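Each chain, letter by letter, is given below.
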Amino acid sequence: MDFSSVFDPTHWSALLSGLQVTLSVAFSAIALSFVFGIILGVLRYTRIPVVSHIATLYIEIIRNLPLLLIIFFGYFAFKDWGIQIPITLSVIISMTVFTSALVAEIVRSGLNSVDKGQIEAARSQGFTYIQTLWYIIMPQALKKMIPPMVSQFVSLLKDTSLAVAISLPELTHAAQIIYNSKYNATIPLLILVAMIYFVINYTLSLISRYLERRLAG
Amino acid sequence: MDFSFLEVHKEDFIDGFLTTLSVSLVALVLSLIIGTIIAIFRISPLAILRAIGTAYVEFFRNTPLVIQVFFFYFGLASIHINLSKFFVGSLGLAIYTGSFMAEAIRAGIQAVPKGQMEAARSSGLSYVQAMWHVILPQAFKLIIPPLGNQFINLVKNSSVLAIIAGTDLLYAADVAIANYDVTSVYVLVALLYLVITIPLSIGVNYLEKRWAKKG
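Residues numbered from 1 in each chain as written. Chains lettered and ligands numbered in written order. Predicted model: local features only at pLDDT ≥ 70, side-chain atom pairs only at ≥ 80, totals over all residues.

Chemist: Got a minute to help me understand the overall build of chain A in this structure?
Modeler: Each helix and strand in chain A was counted, giving eight helices and zero strands. Helices and strands in chain A line up, N terminus first, as α-α-α-α-α-α-α-α. Relative to its 217 residues, chain A shows a buried fraction of 40%. Nonlocal contacts in chain A, meaning residues at least 24 apart in sequence, comprise 75% of its contacts between residues at least 6 apart. (Helix = DSSP H or I, 4+ residues; strand = E, 2+ residues; numbered from the N terminus. Buried ≥ 20, exposed ≤ 12 C-beta atoms within 10 Å, placed from the backbone. Contact = placed C-beta atoms within 7 Å.)

Here is the structure:
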């Protein structure tokens, strides 16, 4: 085994540019799925006929499919339909489509955890349904939503590595390119890359735990 | 939709479906074993076991499954240990999912009031006996729904096998799209995954609701 390539500065710069792609894809998809997830979750929660059903159908189908399938579909199907989009964008879209469904479920169960009496009380005070949702239900539900959302986003960050399958130049792919020509360095490089993911995700988990404790109080 | 690819690739899809099912089941059994052992480590009175348990859970939960599968496949191959793709897939999935299973099992065990363990121990049961006969049966209802969710994730995650050409369901799609309509191929594969995951989801929801009511 060749541990020296782990310390080779040229490899470091290749891995760093991979890490940049990983982080930018992850954070774009996190921001987008946060927004779409809340919209979808609220739509499912409201029980407006048809709209709520469509949201439910979307959520249940998407969250029961493998993310890798959606990544492949996003990449190959767009091409097949003659739509040219950059690979980075196709991965961001696929990850958003998938994660929004999971965020929506977190939002819905957060909303459901707020006592129904709160809605009745707010409505009888003259709040509209939308006002009640926004000023009364959401702030209380948000506390419950933050910890599971953070772990969902940790999953998203890890799952960007699936895009190695379509050769998105992210962190895992950067390592793969190096060890494809330096066979001996495969294990050291995979350990190094695992450590990089670990440090980022573990930090996020610690932040989530801290928030959980603060919000619980 | 054009499903004419089935004339040529029908066998590939059946084989892929069966591989996905069997990898998932093998990994389920292994991950339950790993998860139980790690969960017991995590709540053990011995500090060293607790540390090992925590390290396992934190490391494997926070690193991508792809890296773990690559390690067992490309990493071990680089030191001349060649494992079959099926074995690599099952092992990678089991080690990864084991960390999530461990957390679900630990949370369930810790939800059983402490007095139960104390009472069992003071009645003369050993730690292991108390765990097996008193704590685990009560924790079971709390553990099963989250374990079910982890199994659904495991089935979905088994698709990483496709990245190492592991002849699973998603890999069958990769092969077929070379010559046939991409959209139709993926729609069929999506439906085949849903055939496995939707009934599991419904089952988990049912148990969650039923057991939540009874308390």
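So much for the structure itself; the text now carries on.
Chemist: What is the right way to look at the UniProt feature "transmembrane region" (unreviewed entry) in chain B in this model?
Modeler: Residues and elements named next belong to chain B. Under the UniProt annotation, "transmembrane region" (unreviewed entry) lies at residues 20-41, 62-81, 87-109, 160-180 and 186-207. Counted over residues 87-109, helix gives 100% and strand 0%. Its end C-alpha atoms are 31 Å apart. Helix makes up 100% of residues 186-207 and strand 0%. Its end C-alpha atoms lie 31 Å apart. (UniProt positions renumbered as here; feature names shortened; annotations may be inferred.)

Chemist: What is the right way to look at the nonpolar core in this model?
Modeler: Generally speaking, nonpolar side chains in soluble globular proteins are found buried as a group. Residue and element names in this part refer to chain A. L68, L69 and I71 are the most contacted members of the largest nonpolar core, which has 117 residues in total. In terms of residue count, helix α4 (residues 87-112) provides more of this core than any other element does, 12 residues in total. Aside from chain neighbours lying at most four places away, what touches I71 is V91, S94, L162, A163, A165 and I166. (Core = buried A, V, L, I, M, F, W, Y, C linked by C-beta atoms within 7 Å.)

Chemist: In this structure, what is going on with unusual backbone geometry? I would like to understand it.
Modeler: Trans is the prevailing form of peptide bonds, just as negative phi is the prevailing case for residues other than glycine. All names here are of chain A. One non-glycine residue, R47, lies in the positive phi region at around 60 degrees. With respect to the element layout, R47 can be found in the loop between α1 (9-46) and α2 (51-63). Here S167, not a glycine, exhibits a phi torsion of approximately 60 degrees, which is positive. Relative to the elements of secondary structure, S167 occurs in the loop between α6 (129-159) and α7 (171-181). Residue S167 is classed as exposed on the basis of its 12 C-beta neighbours within 10 Å.

Chemist: Please clarify how the UniProt feature "transmembrane region" (unreviewed entry) in chain A should be interpreted in this entry.
Modeler: Residues and elements named next belong to chain A. The residues that UniProt annotates with the feature "transmembrane region" (unreviewed entry) are residues 20-43, 55-77, 83-107 and 185-204. Taken end to end, residues 20-43 has its terminal C-alpha atoms 34 Å apart, with 100% of it in helix and 0% in strand. Across residues 55-77, the secondary structure splits into 87% helix and 0% strand, with the terminal C-alpha atoms separated by 23 Å.

Chemist: Could you clarify how one ought to interpret the UniProt feature "domain: ABC transmembrane type-1" (unreviewed entry) in chain A in this entry?
Modeler: Sites flagged by UniProt as "domain: ABC transmembrane type-1" (unreviewed entry) map to residues 19-208 of chain A. Along residues 19-208 of chain A the backbone is 82% helical and 0% strand, and the end-to-end C-alpha distance reaches 22 Å.

Chemist: Any chance you could explain the confidence of the model for chain B here in plain terms?
Modeler: Reading fine detail from the predicted coordinates is not recommended where pLDDT is low. Per-residue pLDDT for chain B has a mean of 92; in total, 99% of the residues score no lower than 70. We note a pTM of 0.91 for the whole complex and an ipTM of 0.90 for its interfaces. (pLDDT = per-residue confidence, 0-100.)

Chemist: I tried to follow the interface of chain A and chain B on my own but got confused; where do I start?
Modeler: Interfaces are frequently sized by the accessible area removed from exposure as the parts join. Each side of the interface is counted separately: chain A has 32 residues, and chain B has 31 residues. Those elements giving two or more residues to the side of chain A that touches chain B turn out to be α3 (67-80), α6 and α8 (186-216) of chain A.

Chemist: What am I meant to see in the UniProt feature "domain: ABC transmembrane type-1" (unreviewed entry) in chain B here?
Modeler: Look at the UniProt record and you will see "domain: ABC transmembrane type-1" (unreviewed entry) annotated at residues 17-204 of chain B. The span residues 17-204 of chain B is 81% helical and 0% strand by assignment, and the distance between its end C-alpha atoms comes to 22 Å.

Chemist: Is there a simple way to think about the environment of A:L142 in this case?
Modeler: Residues and elements named next belong to chain A. Counting through the fold element by element, L142 comes out in helix α6. L142 gets classed as partly exposed once you count the C-beta atoms within 10 Å, which come to 15. The spatial distance from the C-alpha of L142 to the C-alpha of T128 is 20 Å, given a sequence separation of 14 residues.

Chemist: Would you mind showing me how to read the packing of α2(A) against α4(A) here?
Modeler: In a pair of packed helices, the angle between the axes and the distance between the axes together describe the arrangement. Residue and element names in this part refer to chain A. As a packed pair, α2 and α4 sit with axes 9 Å apart at the nearest point and diverge in direction by 115 degrees. Regarding α2 and α4, the two cross each other, and that crossing is left-handed. On α4, the residues touching Y58, I59, I62 and R63 of α2 are V97, F98, A101, L102, A104 and E105. The class makeup of the residues in the contact of α2 with α4 is eight nonpolar, no polar and two charged. (Axes fitted to C-alpha atoms, helices over the stretch in contact; angles between N-to-C directions. Left-handed = near helix turned anticlockwise from the far one by under 90°. Nonpolar A, V, L, I, M, F, W, Y, C, P; charged D, E, K, R; others polar.)

Chemist: Explain the environment of A:S17 to me, please; I cannot follow it from the model alone.
Modeler: Assignment of secondary structure puts A:S17 in helix α1. A tally of 14 C-beta atoms within 10 Å means that A:S17 is categorised as partly exposed.

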